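Commentary on secondary and tertiary structure
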Amino acid sequence: MTTTVTGGRGGTDVSALPPSPQPPGATPPAAPSSEPVRPAGRSGLGRVGRPLGVGVVGLWLSVMVLLPLAALTVTSFEDGWGGFWEAVTAPVALASLRVTIVAAVVVALVNAVMGTLIAWVLVRDDFPGKRIVNALIDLPFALPTIVASIVLLSLYGPNSPVGIHLNATQPGLVLALAFVTLPFVVRSVQPVLIEADREVEEASASLGASSWTTFRRVVLPTLTPAIISGTGLAFARAIGEYGSVVLIGGNIPRETQVASQYIQQQIEIDRPVNAAAVSVALLAIAFATLAVLRWYAGRGLRREEDSA
Amino acid sequence: MITVTGARKSYGDFTALDDVSLEIPAGTLTALLGPSGSGKSTLLRAIAGLEGLDGGRVVIGGRDVTGVPPQKRGIGFVFQHYAAFKHMTVRDNVAFGLTIRKRPKAEIARKVDDLLEIVGLDGFQHRYPAQLSGGQRQRMALARALAVDPEVLLLDEPFGALDAKVRADLRQWLRRLHDEVHVTTVLVTHDQEEALDVADRIAVLNKGRIEQVGDPVALYDRPANDFVMSFLGSVARLGGQLVRPHDIALHRTRERALQLDARVGGSPGVIEAVVERVVRLGFEVRVDLRADTGERFAAQLTRAEADALALQAGDTVFAHTVQAVNPAEAEPALAI
Amino acid sequence: MTTTTPARLGLRTVALGYLVLLVAVPIALILWRSFEPGVGAFVESVRTPAALAALNLSLLIVAIVVPLNVVFGVGTALALVRGRFPGKGLLQAVVDLPFAVSPIVVGVALILLWGSGGWFGGVEGLGLQVIFGLPGMVIATLFVTLPFVVREVEPVLHEIGTEQEQAASTLGASSWQTFWRITLPAIRWGLTYGVVLTIARALGEFGAVIMVSSGFPGVSQTLTLLVHSRYIDDHNAYGAYAAATLLMGLAVATLLGMTLLDRKRSTR
């Protein structure tokens, strides 16, 4: 999951992401066409609907996307199930997966809290320079990941002017991942908070609820779907991240080496089957995360439809 | 009893409340009536504590609540757009105020069931707000506000988002409810018909000031000024004066008109006019007229009156008023 | 919700503190480090032959990737919105796939498909070096940028519907004329937005490209690879800062462009 560049429009990058765990309020993903059947070729766009157009598009996507992933999967099972399992559970491989998942979980939780808090401050608070702060949120999406790495190293690396050295430590890893995943929760919670009905909060206050009670019992439940979707996307992104951790992470096996670095290393020492197997494991985690998010979003949507 | 004294509130250049003082007697249903931007909602929200005042005081039931947050004012507030807690069932919505007060479960359950029955939502306990109609949601919001036994019930355009039929039903229902529970109620509305229909007392607001306070009949019959007159009920301008259309009488002959007009003081006299259009609105008939001065106005007749005159477009008639109308000369009605 | 002033100030402090430490200070610091030795030193550092070659290579990749993405992206969007064919749901899912794949995994997959010994490894025998050559970098960039145009054009196509196109065809316009005169103008802002996203991502892609590039300075280094090799291989921290600042400038320009475009789209 690597959306290096997106943003600019609150939450839209998220809507471009696969699982369509839409923050409530975002435009729903393209629904299946309900256009009436028209004779093909009558208008300009009939052409792509015709077998030839679909064929070309399908071929393009197959060659560009499906075949590489197919080659990857087949290679990972070249030595059978046993070989795959052995490659994934090799101690260093397993350690890299564990580091990756632990770091991603930590980062996701940090995002869930800080992202919600930042979104809150950006929507409900008012202070000079708020627009600049708001623009700052998109920067991590717009910056190339390697630049993110260099940027963090300049403050927290060996030449740190404040004497903080997070280079090649797990906190450094978390820092890098927190940087690149910053926009996910903020941009998915922000629109929901903007759309949120202030009257509901006033109603809660008029019934005697304190600010904290109102937040916990009235505001938070409405934000939860957006927080979960943003957190899940941040997690999925953190799982596969490479560029931002490559310099600050340190690549120390069993300590700070993440799965993507392990994979890269296996390619360098010409162990493609190992690389492919861990890649497939990584893909499986990412897909599972996105599938859960999609299921969760679908559930919310269904509930709304049922009750509408 | 709610007492507001010298309330002032501005938003930048806009003055929402300009030294407003108002007394709302205990147990009444008072309507704050005015056009949008008149300050009526701001006044209500200031009573609730949802809006801070720049100056002035609010006293509820003898307690000065001016600086008190809404949580501690003992109010129930109903919003135009229901402000339903969407993620909670109807039961949980109504129980909310009691739950956060940590009342015993049994008491909450009993009270919620009672209230749901009163508002006609028993059987809907486990639905979510999205599964209710607008009118049902608003009744749920009312039950929710009443659950905490508020000292005063404040309603901000509660029926504004509903369609006309439901609005009329709910209005009747609110009136009956008020007659049952007798809680001091303040209702904000821009709909004069609604205010006349439901309220014991009406305060008319305009541009952040109170124009007149009184019971509906007094306000209608003895408006303190042109604004109140034209805001409550329809008006026509006849000979430079504001007149209720149903207070205009039409005659075929000038003599008859003069004869009858002589009995009414302060009228603009007899005006010759040409009938432009006759519109039958059910029982009433509206006659669009053009005076010989070029001024256009409408008169409202009963069907029998209109039939007796057998009016047709192009006919010439003689109009005069049957009531003294000049608000300035009318007896002042409880003006503030 | 009536938040008390101290609570509000507390929340504000925490939020801003987090952003300052995570984003603002590091970025300010790298700008300061890049320009501290003077603008001259910065310009010199980004005008070395290797840096210029890297810039050229990055731009070349963009120049190849953008037209391909425009043609196939619009085609795919049209197929998804207007077409009716079995397997459309599958096509939808495939379009989103690249978002879910780690860039390193993209690199590995491409190596296993196009590299020597891969499924299509035969093309190397025909004299076409894909992996460790320009085609590999282009394909890697295509993979990661593939969804952008599709996903930006698709909702616009949905929105405009088919009425205008049908009207044009009743007026005697041919398919091509309808496409050029009706459809394309209607989707132009969505398409532009998708192109801007593609450019930004193509310039910034690192993980997928480093896997399939031979990484020779002046030959097969893109700007992002230059930043990496200056820092890691050359121990030239200043050079890395300068190159990173250049990339950052391009990214910020993109961000500004997107904001402007967004405004244009919404006021359209």
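Residues numbered from 1 in each chain as written. Chains lettered and ligands numbered in written order. Predicted model: local features only at pLDDT ≥ 70, side-chain atom pairs only at ≥ 80, totals over all residues. Heavy atoms only, no water.

Under an unreviewed UniProt entry, the name given to chain C is Sulfate ABC transporter, and the organism recorded is Knoellia aerolata DSM 18566. In its Subcellular location (unreviewed entry) section, the UniProt entry covering chain C states "Membrane". As its UniProt record puts it under Subunit (unreviewed entry), chain C is described as follows: "The complex is composed of two ATP-binding proteins (CysA), two transmembrane proteins (CysT and CysW) and a solute-binding protein (CysP)." (UniProt positions renumbered as here; feature names shortened; annotations may be inferred.)

Within an unreviewed UniProt entry, the label attached to chain A reads Sulfate transport system permease protein CysT, and the organism entered is Knoellia aerolata DSM 18566. Looking at the Subunit (unreviewed entry) heading of the UniProt record, one finds this comment for chain A: "The complex is composed of two ATP-binding proteins (CysA), two transmembrane proteins (CysT and CysW) and a solute-binding protein (CysP)." The heading Subcellular location (unreviewed entry) in the UniProt record of chain A holds the text "Membrane".

Looking only at helices and strands, chain C features 12 helices and 0 strands. Secondary structure elements of chain C occur, N-terminal to C-terminal, as α-α-α-α-α-α-α-α-α-α-α-α. Each principal axis of the C-alpha distribution contributes one length, and for chain C these read about 70 × 65 × 35 Å. For chain C, the residues scored as buried account for 57% of the 268 residues in total. Within chain C, contacts between residues at least 6 apart in sequence are counted, and of these 73% link residues at least 24 apart. (Helix = DSSP H or I, 4+ residues; strand = E, 2+ residues; numbered from the N terminus. Buried < 20%, exposed > 50% of the residue type's maximum accessible area, 1.4 Å probe, protein only. Contact = heavy atoms within 4.5 Å.)

Another aspect to go through is the confidence of the model for chain A. Confidence along chain A averages 81 in pLDDT terms, with 81% of residues attaining 70 or more. Taken together, the stretch residues 1–47 of chain A has pLDDT below 50 and engages in 128 contacts with residues farther than four places along the chain or on a different chain. (pLDDT = per-residue confidence, 0-100.)

Let's shift gears to the environment of Gly61 of chain B. Mapped onto the elements, Gly61 of chain B comes out in the loop between strand S4 (55–60) and strand S5 (63–64). Placed 91 residues apart in sequence, Gly61 of chain B and Val152 of chain B show a C-alpha to C-alpha distance of 8.8 Å.

Taking the numbering used here, the UniProt-annotated feature "domain: ABC transmembrane type-1" (unreviewed entry) corresponds to residues 55–259 of chain C. Its end C-alpha atoms 25 Å apart, residues 55–259 of chain C is made of 79% helix and 0% strand.

The next subject is the sheet that holds S5 of chain B. Residue and element names in this part refer to chain B. As summarised here, the arrangement of the 4 strands in space is S2-S1-S4-S5, forming an open sheet in which the pairing is antiparallel. The sheet is open, and its two borders are formed by strand S2 (14–24) and S5, each paired with just one other strand. As paired strands, S4 and S5 are joined by 2 bridges and run antiparallel to one another. By the bridge assignment for S5, Val59 is matched with Asp64. With respect to the sheet, helix H1 (residues 40–48) is in contact with strand S1 (2–11), S2 and S4, its orientation differing from that of S2 by roughly 60 degrees. (Pairing = 2+ DSSP bridges. Axes fitted to C-alpha atoms, helices over the stretch in contact; angles between N-to-C directions.)

According to UniProt, the feature "domain: ABC transmembrane type-1" (unreviewed entry) maps to residues 97–291 of chain A in the numbering used here. Within residues 97–291 of chain A, the helical portion is 78% and the strand portion 0%, while the C-alpha atoms at the span's ends are 20 Å from each other.

What follows is about the pattern of salt bridges. All names here are of chain B. Under the definition given, this model contains 31 salt bridges over all chains. Between Arg45 and Glu51 there is a salt bridge, and its shortest N-O distance comes to 2.9 Å. Just as Arg45 is buried, Glu51 falls in that class too. (Salt bridge = Lys/Arg side-chain N within 4 Å of Asp/Glu carboxyl O.)

Residues and elements named next belong to chain B. Burial within strand S7 (residues 152–156) is extensive, with 5 of its 5 residues counted as buried. Relative to strand S8 (residues 184–189), S7 runs parallel, the two being bridged by 5 bridges. Bridging from a neighbouring strand, Leu155 pairs with Leu187 of S8. You can see the chain leave S7, run along helix H5 (residues 164–181) and come back into S8, and the turn it takes is right-handed. (Right-handed = clockwise from strand over helix to strand, strands pointing away.)

With that settled, consider the interface of chain C and chain A. On the side of chain A, 104 residues touch chain C, which itself brings 100 residues to the contact. Linking chain C to chain A there are 2 salt bridges. Here chain C is connected to chain A by 6 residue pairs in polar contact (both at pLDDT 80 or more). For the side of chain C that touches chain A, the element with the most residues is helix H1 (residues 5–35) of chain C, which contributes 18 residues. (Polar contact = N/O pair within 3.5 Å; in protein donor to acceptor, adjacent residues only side chain to side chain.)

Right, let's get into the nonpolar core. With 165 residues, the main nonpolar core has Leu69, Leu72, Ile118 and Ile150 of chain A together with Val108 of chain C as its most contacted residues. In terms of residue count, the dominant contributor to this core is helix H5 (residues 91–124) of chain A (15 residues). Shared between two domains, this core takes at least three residues from each, and those domains are domain 1 (1–36) and domain 2 (41–267) of chain C. Here Ile118 of chain A is in contact with Ile137, Leu182 and Val186 of chain A together with Ala15, Tyr18 and Leu19 of chain C, once residues within four sequence places are set aside. In terms of nonpolar packing, the next biggest core, distinct from the first, is built from 44 residues, Val112, Phe159, Val204 and Phe231 of chain B among them. (Core = buried A, V, L, I, M, F, W, Y, C linked by side-chain atoms within 4.5 Å. Domains from an automatic or database assignment.)

Here the focus is the domain arrangement of chain C. Residue and element names in this part refer to chain C. The assigned domain composition of chain C is domain 1 (1–36) and domain 2 (41–267). Taking only C-alpha atoms, the centre of domain 1 and the centre of domain 2 are 33 Å apart. In this assembly, 6 residues from domain 1 lie in contact with 7 residues from domain 2. Of the roughly 600 Å² buried between domain 1 and domain 2, counting both surfaces, carbon and sulfur atoms make up 74%. Per-residue buried area on domain 1 facing domain 2 is highest for Ile30, Arg33 and Ser34; these three make up 70% of the total on that side. Summed over the shared surface of domain 1 and domain 2, the result is 0 salt bridges. One can count 4 residue pairs in polar contact (both at pLDDT 80 or more) joining domain 1 with domain 2. Looking at the side of domain 1 that touches domain 2, its residues break down into 4 nonpolar, 1 polar and 1 charged. (Buried area = accessible area lost by both parts, 1.4 Å probe. Nonpolar A, V, L, I, M, F, W, Y, C, P; charged D, E, K, R; others polar.)

Among the secondary structure elements, Phe127 of chain A is positioned in the loop between H5 and helix H6 (130–142). Overall, Phe127 of chain A belongs to the buried group, its relative accessible area being 10%. Spatially, the C-alpha atoms of Phe127 of chain A and Trp81 of chain A are 58 Å apart, while their sequence positions differ by 46 residues. When neighbours within four sequence positions are excluded, Phe127 of chain A is seen to be in contact with Val121 and Val133 of chain A together with Arg12 and Leu16 of chain C.

All chains considered together, the criterion is met by 6 cavities of 30 Å³ or more. For the largest cavity, the calculated volume is near 40 Å³. What lines the largest cavity is simply Ala142 and Pro144 of chain A together with Ala200, Leu203, Gly204, Leu247, Leu250, Ala251 and Thr254 of chain C. The set of elements that each furnish at least two residues to the lining of the largest cavity consists of helix H9 (175–204) and helix H12 (237–267) of chain C. (1 Å grid on protein atoms, 1.4 Å probe; cavity = no way out; pocket = protein on both sides within 12 Å on 5 of 7 lines; lining within 4 Å. Points joined across faces, edges and corners; volume = space filled by probe spheres on them.)

What follows concerns the layout of surface pockets. One simple way to see leftover space: roll a probe sized like a water molecule over the atoms. Estimated volume of the second largest pocket: approximately 850 Å³. Surrounding the second largest pocket, 34 residues form its lining, Ile267 and Glu268 of chain A together with Phe132, Ile210 and Met211 of chain C being those nearest its centre. Broken down by element, the lining of the second largest pocket gets its largest block of residues, 5 residues, from helix H12 (residues 259–268) of chain A. A per-class count over the lining of the second largest pocket returns 13 nonpolar, 16 polar and 5 charged.

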